[in-house]
Amino acid sequence: NNIKILKIWKKTNKIKTNDRISRFAEKNLKNKKEFGEDARLAFKRHLNDLKRSEKNDPDFPYIFDPEKAEDIIELANKLTIAEGEGDQTFTCAGFQEFILGSLFGWVHKETGKRRFTDSYVQVARQQGKSVLNAILGIKCSNFDNYNYAQIYCTATKQDQARIVLNEISKFINADADLLELFEIKDYKSEITAKITNATIRALGRDTKSIDGFRPYLGIVDEYHAHKDNQMYKLLKGGTRKLKQSLISVITTAGFNLNAPCYELYKYCRRVLRGIDVNDRQFIYIAQMDVNDDIWNPKNWIKCCPLTGNDPELLSQMQEDAKKAKSMGGEEMRDFLTKSLNIWVTNAETAFIDLAEWEKCGSNRTLEDFRGKKAICGLDLSSGGDLTSLALIFPYEDPNTGDKKYYIYSHSFIPQRRMQEHMDKEDNAPYIIWQKEGLLTVTTAAGGIKTDYKTILAHLHNIIDKYDIDLTAIGYDPHNASAFLLDLEDFGCDLVEIKQSARSLNDATIDFQLEVKAHNVEYDKKNKLLTRSMNDAILSEPNSFGEIKIDKMLQKVRIDPCDAIIDAHKLAMGVEVEEITTDQSIEAYLKMFEKA
């Protein structure tokens, strides 16, 4: 009977993957030869969402409708490509089916409206970006049961914006049936859909022309070239009163890490990794993995899914690679960014490799360091923004004898300042961090100014609760005068940490190396801390070649990182107690019990 019950349970709890989108995701979930980690995480997300949908998760009111996914794929596969040697029917590649099917297949269980309101797709050059956007334009204009839809193809320049419009025109002109359903008005950079009276328009950076409009579909082409997010925000702002709309970003990587596209790219990668949560953002990023040899053509299929399956195109790309490698400079940078879809300055400026950081995640908490010595780092804010404290526990690994560091991090923000950030549509999930106990929201002084008393009370509480032996506090002298006398109550050394590259260079470099060596340990549930590590970059070296951490944009949160570096500067010089034989045996037995 137990065996029968188990079989029934397995049968009823197995997710349905009989549609082409789910089969594709399941088939390639572990396909490391053809898909990079980000693409595989997109497949994993789809399959996990199927499970959530079948379990009737109240926080996930969506269901995957294979018929709606098939509708757009069927439409795409009926289109005719006129460009080239002769007319031929367009055929979606597997990854294109996954993108289109996901965007239209996921719907709300009760309303049937589409789940995804935002889409971010990043692939290399010549991988069908404009074609995908054209398919979206044709579908949403005449074949989505929505009358008088406003559809905008946008870019930094009018000519760039017209590229997508021209792709739509090519599909229409190549098909007699479509010609009867659309009217192309080249002189107005506009296409009218006759069934629904929808309009498709190409717009450059003349933002006044779209201000106040309500886009049913907003296409942002080559977002990496946008210097700011004004166009994106205007499109997004116009969708708020629509029950169903989509802002589609399809782009390659770019050169500018200060651009809004790079911020969106990093945000989407955090969503794929569960650091941030956004069930209405679709993501597909085609990139090679960190350790892949970028000059090995076998790896190029991960960022160039169309080229990688075409021997002739792959051969041409190999010639481009040889030229770029030989010439270097701009030629090299262009090849890495456009052909290999790599944000070229990412590895050069990132403070921490997120993959290495995640390997340092641990299930251990402060309870595991009860009674141990610790150093505190404080990053203070005067303007009422995020304030962070960090505790670092230097200890000796009983198995290897190596010196390691356990990190505890907690942050604080005034209530009204948090609301201001949320009103400005920051991507930071403050409410989730608060619920998870990673962030304390303060209400003193009207919830506007930094509440130093709450910060000190929190530090006192955890010291008393876990009997922590606090040996030193490293603090940023800027903004510290307000409660410097209160710090003396802790009865430990108070060390002023100047926030200059000269002062922080050694601690910054050493912390990077310790993370790479996996000698740093932190509570892996602390997503605020991981977000901070992901947002931090390295500053430009000073005249002596010294560096410190910095941030690219005003909105990002690196305060926990600042507090950790302040503490690490002091922790580097701390001698850890030698582990006795009895302690080693005890540690081994605990490890054995857990195993």
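Scroll up to find the structure this text is about.
Treat the numbers as computed from the prediction; the structure is a model and nothing was measured.

**Q** Just checking my understanding: could you explain the overall build of the chain for this structure?
**A** A tally of helices and strands in the chain yields 22 helices and 22 strands. If you take every contact in the chain between residues at least 6 apart in sequence, the share linking residues at least 24 apart comes to 72%. With the model as given, the accessible surface of the chain reaches about 28800 Å², and the carbon-plus-sulfur share is 48%.

**Q** Just checking my understanding: could you explain the nonpolar core for this structure?
**A** One recurring pattern in soluble globular proteins: nonpolar side chains tend to sit buried together. Of all hydrophobic cores here, the largest spans 85 residues; its most connected members are Phe98, Tyr120 and Tyr284. Counting residues per element, this core draws most heavily on helix α10 (residues 260-272), which supplies 8 residues. When sequence neighbours within four positions are dropped, the list of residues in contact with Phe98 reads Ile21, Phe24, Ala25, Ala42, Phe43, His46, Phe282 and Tyr284. Listed in part, the 33 residues of the second largest apolar core include Phe351, Ala536, Ile547 and Cys561.

**Q** Hey, could you run me through the environment of Tyr120 in this one?
**A** With respect to the helices, strands and loops of the structure, Tyr120 is situated in strand β5 (residues 118-122). Measuring from C-alpha to C-alpha, the distance between Tyr120 and Phe282 comes to 6.2 Å, with 162 residues separating the pair along the chain. Every residue in contact with Tyr120, bar those within four places of it in the chain, is listed here: Val249, Thr251, Cys261, Leu264, Tyr265, Cys268, Gln281, Phe282, Ile283, Tyr284, Ile285 and Trp343.

**Q** Help me understand helix α5 (residues 94-105), please; the structure alone is not making it clear to me.
**A** For the α-helix, the turn length of 3.6 residues means that residues three or four positions removed from each other point alike. Taking 1.5 Å per residue as the helical rise, α5 with its 12 residues ought to reach 16 Å, and the 15 Å between its terminal C-alpha atoms agrees with that figure. Most of α5 sits inside the fold, with 11 of its 12 residues counted as buried. For α5, the complete set of buried residues consists of Phe95, Gln96, Glu97, Phe98, Ile99, Leu100, Gly101, Ser102, Leu103, Phe104 and Gly105.

**Q** Can you walk me through the pattern of salt bridges in this structure?
**A** Oppositely charged side chains can pair when the atoms bearing their charge come close. All told, the structure shown has 32 salt bridges when counted by the stated rule. For the salt bridge of Arg114 with Asp144, the shortest nitrogen-to-oxygen distance reads 2.7 Å. Taken as a pair, Arg114 in the loop between β4 (106-108) and β5 and Asp144 in the loop between α6 (129-142) and β6 (150-154) lie far apart in primary sequence, 30 residues in all. When its relative accessible area of 5% is taken as the criterion, Arg114 is described as buried. Given a relative accessible area of 13%, Asp144 falls into the buried group. Each of Asp49, Arg52, Asp57, Arg115 and Asp279 takes part in salt bridges that share partners, so that together they form one network.

**Q** What should I look at first to understand the side chain of Thr252 in this one?
**A** With respect to the helices, strands and loops of the structure, Thr252 is situated in the loop between β11 (246-251) and α10. Note on Thr252: relative accessible area 1%, which makes it buried. Of the polar contacts made by the side chain of Thr252, one reaches the side chain of Lys338; its length is 3.4 Å. Look past the residues within four positions of Thr252 in its chain and what remains in contact with it is Gln122, Val123, Ala124, Arg125, Lys129, Glu222, His224, Lys338 and Asn341.

**Q** Looking at this model, I keep getting lost on the packing of α6 against helix α7 (residues 158-173). Mind explaining?
**A** Angle between the axes and distance between the axes are the two parameters that describe a pair of packed helices. Close contact between α6 and α7 brings their axes to 8 Å; oriented N to C, the two are set at 65°. In this view, α6 runs roughly perpendicular relative to α7, as classed from their interaxial angle. Judged by the sense of rotation from one axis to the other, the crossing of α6 with α7 is right-handed. In this structure, α6 contributes Ser130, Val131, Asn133, Ala134, Gly137 and Ile138 to the contact, and α7 contributes Ile163, Val164, Glu167, Ile168 and Phe171. A breakdown of the residues in the contact of α6 with α7 according to their chemical character gives 7 nonpolar, 3 polar and 1 charged.

**Q** Teacher, can you tell me more about the pairing of strand β12 (residues 281-285) here?
**A** Remember that side chains alternate between the two faces of the sheet whenever the strand is regular. In terms of residue burial, β12 counts as a mostly covered element, since 5 of its 5 residues are buried. Two strands pair when backbone bridges link them, and β5 and β12 are joined in this way by 5 bridges, in the parallel orientation. Paired with Ser119 across the two strands is Phe282, which belongs to β12.

**Q** Mind showing me how you'd approach helix α20 (residues 527-535) here?
**A** Among the 9 residues that make up α20, 8 are buried, leaving the element largely enclosed by the rest of the structure. With a side-chain oxygen lying 3.4 Å from the backbone nitrogen of Leu528, the N-terminal cap of α20 falls on Asn526.

**Q** Just to check I follow, could you spell out the packing of aromatic side chains for this structure?
**A** Each pair of aromatic rings is reported with the distance of its centres and the angle of its planes. The tally for this structure, following the rule as stated, stands at 29 aromatic pairs. Measuring from ring centre to ring centre gives 6.1 Å for Trp300 and Phe335, while their planes differ by 70°; the resulting arrangement is edge-to-face. With Trp300 in the loop between β12 and α11 (311-327) and Phe335 in helix α12 (residues 329-339), the pair connects residues that are 35 residues apart, well separated along the chain. Given a relative accessible area of 1%, Trp300 falls into the buried group. Ring pairing ties together the aromatic residues Phe24, Phe35, Phe43, Phe95, Phe98, Phe116, Phe282 and Tyr284, which thus form one cluster.

What counts, and at which threshold
Residues numbered from 1 in each chain as written. Predicted model: local features only at pLDDT ≥ 70, side-chain atom pairs only at ≥ 80, totals over all residues. Heavy atoms only, no water. Helix = DSSP H or I, 4+ residues; strand = E, 2+ residues; numbered from the N terminus. Contact = heavy atoms within 4.5 Å. Areas by Shrake-Rupley, 256 points an atom, 1.4 Å probe, with all protein chains shown as cover. Core = buried A, V, L, I, M, F, W, Y, C linked by side-chain atoms within 4.5 Å. Buried < 20%, exposed > 50% of the residue type's maximum accessible area, 1.4 Å probe, protein only. Expected span 1.5 Å × (residues − 1). Salt bridge = Lys/Arg side-chain N within 4 Å of Asp/Glu carboxyl O. Polar contact = N/O pair within 3.5 Å; in protein donor to acceptor, adjacent residues only side chain to side chain. Axes fitted to C-alpha atoms, helices over the stretch in contact; angles between N-to-C directions. Parallel < 35°, antiparallel > 145°, perpendicular 65-115°, else oblique. Left-handed = near helix turned anticlockwise from the far one by under 90°. Nonpolar A, V, L, I, M, F, W, Y, C, P; charged D, E, K, R; others polar. Pairing = 2+ DSSP bridges. Phe/Tyr/Trp six-rings, centres within 6.5 Å; stacked < 30°, edge-to-face > 60°.

Just geometry here; none of it tells us what the structure is for.
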